[in-house]
4 protein chains.
Amino acid sequence: MAIVMDQAALTAFLAREFMQVAEDFTVTHVDDDMLEVRLNVDARHLRPGGTVSGPSMFALADVAMYLAILARIGPVALAVTTNCSIDFMRKPEAGRALLAQARLHKLGRVLAVGDVLIRSDGAADVVARASLTYSIPPAQR
Amino acid sequence: MAIVMDQAALTAFLAREFMQVAEDFTVTHVDDDMLEVRLNVDARHLRPGGTVSGPSMFALADVAMYLAILARIGPVALAVTTNCSIDFMRKPEAGRALLAQARLHKLGRVLAVGDVLIRSDGAADVVARASLTYSIPPAQR
Amino acid sequence: MAIVMDQAALTAFLAREFMQVAEDFTVTHVDDDMLEVRLNVDARHLRPGGTVSGPSMFALADVAMYLAILARIGPVALAVTTNCSIDFMRKPEAGRALLAQARLHKLGRVLAVGDVLIRSDGAADVVARASLTYSIPPAQR
Amino acid sequence: MAIVMDQAALTAFLAREFMQVAEDFTVTHVDDDMLEVRLNVDARHLRPGGTVSGPSMFALADVAMYLAILARIGPVALAVTTNCSIDFMRKPEAGRALLAQARLHKLGRVLAVGDVLIRSDGAADVVARASLTYSIPPAQR
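Note that the structure is predicted; figures quoted are calculated from it, not measured. (Residues numbered from 1 in each chain as written. Chains lettered and ligands numbered in written order. Predicted model: local features only at pLDDT ≥ 70, side-chain atom pairs only at ≥ 80, totals over all residues.)

## Let's talk about the overall build of chain A
Selection criterion: Secondary structure counts use DSSP, requiring at least four H or I residues in a row for a helix and at least two E residues in a row for a strand, with both numbered from the N terminus. Here the radius of gyration uses the C-alpha set of atoms, whereas the globule reference equals 2.2 Å times the residue count to the power 0.38. Counting other C-beta atoms within 10 Å of each residue's C-beta, where C-beta atoms are placed from the backbone, gives the exposure class: buried for 20 or more, exposed for 12 or fewer, partly exposed between. The contact criterion used here is simple: two residues whose C-beta atoms, placed from the backbone, lie within 7 Å are in contact.
Each helix and strand in chain A was counted, giving three helices and six strands. In chain A, the succession of α and β elements from N to C terminus is α-α-β-β-α-β-β-β-β. In summary, chain A has a C-alpha radius of gyration of 14 Å against a globular reference of 14 Å for 141 residues, a match within 12%. Expressed as a percentage of its 141 residues, the buried residues of chain A come to 46%. When contacts within chain A are restricted to residue pairs at least 6 apart in sequence, those whose partners lie at least 24 apart make up 63%.

## Overview of the interface of chain D and chain C
Our working definition: Just so you know the grouping, Ala, Val, Leu, Ile, Met, Phe, Trp, Tyr, Cys and Pro go in nonpolar, Asp, Glu, Lys and Arg go in charged, and all remaining residues, Gly too, go in polar. What makes two strands pair is DSSP finding at least two bridges between them.
Each partner contributes to the interface: chain D provides 17 residues, whereas chain C provides 17 residues. If you list the elements that add at least two residues to the side of chain D that touches chain C, you get α3 (54-73) and β3 (80-88) of chain D. Considering each element in turn, the side of chain D that touches chain C owes the most residues, nine residues, to β3 of chain D. A breakdown of the residues in the side of chain D that touches chain C according to their chemical character gives nine nonpolar, five polar and three charged. Here strand β3 (residues 80-88) of chain C runs beside β3 of chain D; their pairing, made up of five bridges, is antiparallel. Across the sheet, the residue bridging to Ser85 of chain C is Ser85 of chain D, located in β3 of chain D.

## A few points about the nonpolar core
Cut-off, in case you're wondering: Residues enter a nonpolar core if they are buried, belong to Ala, Val, Leu, Ile, Met, Phe, Trp, Tyr or Cys, and are joined to the set through C-beta atoms within 7 Å.
Residues Ala61 and Ala64 of chain C together with Ala61 and Ala64 of chain D are the most contacted members of the largest nonpolar core, which totals 89 residues. Val30 and Leu70 of chain A together with Met65 and Phe88 of chain B belong to the second-largest nonpolar core, a separate cluster that totals 88 residues.

## Digging into the interface of chain D and chain B
With six residues of chain D at the interface, the matching set in chain B holds six residues. The leading source of residues in the side of chain D that touches chain B is β3 of chain D, at three residues. Here the side of chain D that touches chain B is built from residues that sort into two nonpolar, four polar and no charged.

## Structural notes on the confidence of the model for chain A
Counted only if it meets this: The pLDDT value tells you how sure the predictor is about a given residue, anywhere from 0 up to 100.
Overall, the predicted model of chain A reaches an average pLDDT of 92, with 97% of residues at or above 70. Interface confidence for the predicted complex, given as ipTM, is 0.94, next to a pTM of 0.96.

## Points about the relation of the copies chain D and chain C
The condition that has to hold: For the least-squares superposition of copies, only C-alpha atoms count, and only for residues with pLDDT at least 70 in both.
Superposing chain D onto chain C requires a rotation of 180 degrees together with a translation of 0.0 Å along the rotation axis, leaving an RMSD of 0.0 Å. Between the two chains, the operation in question is that of a two-fold axis. For chain D, the residue whose C-alpha comes nearest the rotation axis is Ser85 of chain D, separated from it by 2.0 Å. Both copies share a contact surface, since 100% of the interface residues of chain D are interface residues in chain C too.

## Digging into the pairing of strand β1 (residues 25-30) of chain B
All names here are of chain B. Pairing geometry for β1 and strand β2 (residues 35-39), over five bridges, is antiparallel. Bridge pairing links Val27 to Val37 in β2. Linking β1 to β2, which pair antiparallel, is a turn of four residues.

## Let's talk about the sheet that holds strand β6 (residues 128-135) of chain B
The condition that has to hold: Think of each axis as a best-fit line through the C-alpha atoms, taken over the contacting stretch in the case of a helix, with angles from 0 to 180 degrees between the N-to-C directions.
If you trace the twelve strands from one edge of the open sheet to the other, you get β1(A)-β2(A)-β4(A)-β5(A)-β6(A)-β3(A)-β3(B)-β6(B)-β5(B)-β4(B)-β2(B)-β1(B), paired in antiparallel fashion. With partners counted over all chains shown, the strands left at the sheet margins are β1 (25-30) of chain A together with β1 of chain B, one partner each. For this sheet the average axis-to-axis angle between neighbouring strands, irrespective of direction, equals 20 degrees. Examined bridge by bridge, strand β5 (residues 111-120) of chain A and strand β6 (residues 128-135) of chain A share eight bridges and lie antiparallel to one another. If you follow Leu117 of chain A over to β6 of chain A, its bridge partner there is Arg129 of chain A.

## Focus on the packing of helix α3 (residues 54-73) of chain A against helix α3 (residues 54-73) of chain B
What counts here: Helix crossings fall into two classes, left-handed where the near helix is turned counterclockwise from the far one by less than a right angle and right-handed where it is turned clockwise.
Following both chains from N to C, one finds α3 of chain A and α3 of chain B inclined at 145 degrees, their axes separated by 9 Å at the closest point. Where α3 of chain A crosses over α3 of chain B, the two elements pack in a sense that is right-handed. Here α3 of chain A contributes Gly54, Pro55, Phe58, Ala59 and Asp62 of chain A to the contact with α3 of chain B, which in turn contributes Gly54, Pro55, Phe58, Ala59 and Asp62 of chain B. Among the residues making up the contact of α3 of chain A with α3 of chain B, the classes are represented as six nonpolar, two polar and two charged.

## Quick look at the environment of Asp32 of chain D
Residue and element names in this part refer to chain D. Inspection of the secondary structure assignment puts Asp32 in the loop between β1 (25-30) and β2 (35-39). With 11 C-beta atoms counted inside 10 Å, the residue Asp32 sits in the exposed group. It is 9.2 Å that separates the C-alpha atoms of Asp32 and Ala71, two residues lying 39 residues apart in sequence.

## Side note on the relation of the copies chain D and chain B
Relative to chain B, chain D is turned by 180 degrees and slid 0.0 Å along the rotation axis, the superposed coordinates differing by an RMSD of 0.0 Å. The fraction of interface residues of chain D whose copies in chain B are also interface residues reaches 100%, indicating that both copies meet through the same surface.

## With respect to the sheet that holds strand β5 (residues 111-120) of chain D
Read from one edge of the open sheet, twelve strands run β1(C)-β2(C)-β4(C)-β5(C)-β6(C)-β3(C)-β3(D)-β6(D)-β5(D)-β4(D)-β2(D)-β1(D), paired in antiparallel fashion. Either end of the sheet is taken by a strand with one partner, and the two such strands are β1 (25-30) of chain C together with β1 of chain D. Each strand axis lies, on average, 20 degrees off the axis of its neighbour in the sheet, ignoring direction. Bridge count between strand β2 (residues 35-39) of chain C and strand β4 (residues 98-107) of chain C: five bridges; the pairing is antiparallel. Opposite Leu35 of chain C, over in β4 of chain C, you have Ala102 of chain C as the bridge partner. Relative to β4 of chain C, helix α3 (residues 54-73) of chain C is tilted by about 45 degrees, and along the sheet it contacts β1, β2, β3, β4, β5 (111-120) and β6 (128-135) of chain C together with β3 of chain D.

## Comments concerning α3 of chain A
All names here are of chain A. Rule in force here: Here the expected length of a helix is defined as 1.5 Å per residue gap, with one fewer gap than residues.
For α3, built from 20 residues, the straight-helix expectation of 28 Å at 1.5 Å per residue is met to within 8% by its first-to-last C-alpha distance of 29 Å. Taken across its 20 residues, α3 has 18 buried, putting it largely inside the fold. One or two residues past the end of α3 sits Gly74, with phi positive at roughly 90 degrees.

## Details of the environment of Thr81 of chain D
Mapped onto the secondary structure, Thr81 of chain D falls in strand β3. With sequence-adjacent residues up to four places away left out, Thr81 of chain D is seen in contact with Gly54 and Phe88 of chain C together with Asp62, Leu132 and Tyr134 of chain D.

Okay, here's the thing in structure tokens:
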């Protein structure tokens, strides 16, 4: 499915609709296959010991999938997460941003499903993986 | 398995080890069967429209399961979430706290598994449900 | 939501629409709160060592949730599973039937979500837990 | 991690240890990146309407991940599935075999985690996706 919102459009959408969290995330790549978002790690994302918290990684996976859907269907602010299954596999490297790569497997009439892989910036190992389902409200389709 | 940390002990642990988030959560009930935590909803937990964000509900489910494990094994700060599958089913009611009830199904040598149900304070409907697996580090067992 | 298919109606539906697997399962209880199905364990459900296989437990959880939905909306053969997250926690006891108890958390216009707990017949410990989402086709609602 | 069991070794292992299901599955590819297994679709895998059943796809995902782990650690028959989250996205094409591609994200001391994509033979669309966690018993490591 064609990309209808590019990096600039998604960034503007995030700044306009999700002011509270927009500065946490930077859209770094968008194409047919994959969308990448960076978590700009800050003190409020950390747990004792300096590692990024689970909820911060969940938020990153969630926003990456949301933007991957919007890139294809346009600025539908009301798409909502219905399910997320997330595996935390390794401690993120201290002092590094996290990068999430989202890929869609299905973009249906009602449901969208995809996978997200999270890595520390510059590292090959996967820190966390998530699969997410979004529900797309009928009025907006 | 017997409860070795009560409501007061868990509250003190949270304040000491998780200063950054301790004020978000209040342990409201602990017994053999179930542990309940309240999310003290604040502006930073909300999405546009006034509904509690997915990451805030994830954080609530995660802390409820963590405390349910600690209540049985003591203050093992290093237990880590390895998997969470969460379903978001209804919009939380605006202007209400959220309550999470955690129940353990297994507390093994290496893994602990349980379920969490999240409701708006005073409401019967389940807003979200989550199942979580924690890994318990060997040095701490 | 009221029960519109009782134990006898669900059993007849299973025999008529799912001939191939109907003899594997017995509906043992249906009420507002919970539906219970028994897996009549047979050689074809076992792995080496005599333990019930993962796919057999998945099939049991899946049919229990399916029947819990049908009990409320009637014989909608085309409802389909969209997601299942299942945790295997203990080995089932050898030579015993398995019992699955399904509870619905949501029965919406498009999606139904619920939890299933699986135990060995006569035992208190949970062998496996699953949460499932079903999609209900519009033509059938 | 290096491959220590190739296609022939995995096929022989399956035939020896999992006689009951060995003829259902054919290992079609093994390398560092990915292991592929085919479900040789037969009447017993089908639901009314001729579509492959959910439990059959679960079984396929489960065996693909199991063999991907064994390919790296050798014939450890006792590795067990602890969690599977599976999304069913499309109906498989009638009269076609299913192919499952398994990729490992982590092979740790205690847990292994990976993803499986299932497609109809010759088709590009993903029919189902699964993520699985296996526990590797200490005596066998």
